[in-house]
Amino acid sequence: MSKPKNLTRSCCEGISHIPKIREVLPSQNTLVEISNVFKALSDPTRAKMLYALLDYEICVGEMANLLEIPQSHVSHQLRILKKYGIVDFEKDKKMSFYYIKDKYIKDLLKLILEEKD
């Protein structure tokens, strides 16, 4: 992979573009949200769960059946994804159905998969 040709150089010993660069940096809150997404994706089981949730709301038991892992492990991983703000759930009687909260997460997952294939 070669270096893109349209980059602007910024150097402490030459022309500095720090003010312009600062203008385009995301806020601290946005950076935390972005890093949480990558923390969530750093575990293959959580990544697999998120891919399963792209087009479905799935209960814990069904996710355990799909991934062929213990329900307690699924619950633990879903708690982490919820803590990171990536999934949420809706109660329906005794069941909790998990889903991906934000479209940008789905778009990111699809983009990564397209680029890997």
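Residues numbered from 1 in each chain as written. Predicted model: local features only at pLDDT ≥ 70, side-chain atom pairs only at ≥ 80, totals over all residues. Heavy atoms only, no water.

For the protein, an unreviewed UniProt entry supplies the name Transcriptional regulator and the organism Malaciobacter marinus.

## Digging into the UniProt feature "domain: HTH arsR-type" (unreviewed entry) in the protein
Residues given the UniProt feature "domain: HTH arsR-type" (unreviewed entry) here are residues 26–117. Across residues 26–117 one finds 63% helix and 15% strand; the C-alpha atoms that close the span lie 30 Å apart. (UniProt positions renumbered as here; feature names shortened; annotations may be inferred. Helix = DSSP H or I, 4+ residues; strand = E, 2+ residues; numbered from the N terminus.)

## Structural notes on unusual backbone geometry
Phi is mostly negative for residues that are not glycine, and the peptide bonds are mostly trans. Even without being a glycine, E68 presents a positive backbone phi close to 55°. Here E68 lies in the loop between α4 (60–67) and α5 (71–83). The exposure class assigned to E68 is exposed, which follows from its relative accessible area of 72%. Even without being glycine, K93 reaches a positive phi, approximately 60°. Mapped onto the elements of the fold, K93 is located in the loop between β2 (87–92) and β3 (95–100). Judged by its relative accessible area of 80%, K93 is exposed. (Buried < 20%, exposed > 50% of the residue type's maximum accessible area, 1.4 Å probe, protein only.)

## Some words on the pairing of β3
Residues in a regular strand project their side chains so that they alternate between the two faces of the sheet. The side-chain alternation of β3 yields one buried face, formed by S96, Y98 and I100, and one unburied face, formed by M95, F97 and Y99. With 2 bridges joining them, strand β1 (residues 58–59) and β3 adopt antiparallel strand pairing. Across the sheet, the residue bridging to I58 is Y98, located in β3. Pairing of β2 with β3, which is carried by 6 bridges, proceeds in the antiparallel orientation. Bridge assignment links K91 to a residue of β3, and that residue is S96. (Pairing = 2+ DSSP bridges.)

## Remarks on the sheet that holds β2
Strands sit in the order β1-β3-β2 across an open sheet of 3 strands; the sheet is antiparallel. Two strands bound the open sheet, and with one partner strand each, they are β1 and β2. Of the strands in this sheet, β2 and β3 touch α5, which is tilted by about 115° from β2. (Contact = heavy atoms within 4.5 Å. Axes fitted to C-alpha atoms, helices over the stretch in contact; angles between N-to-C directions.)

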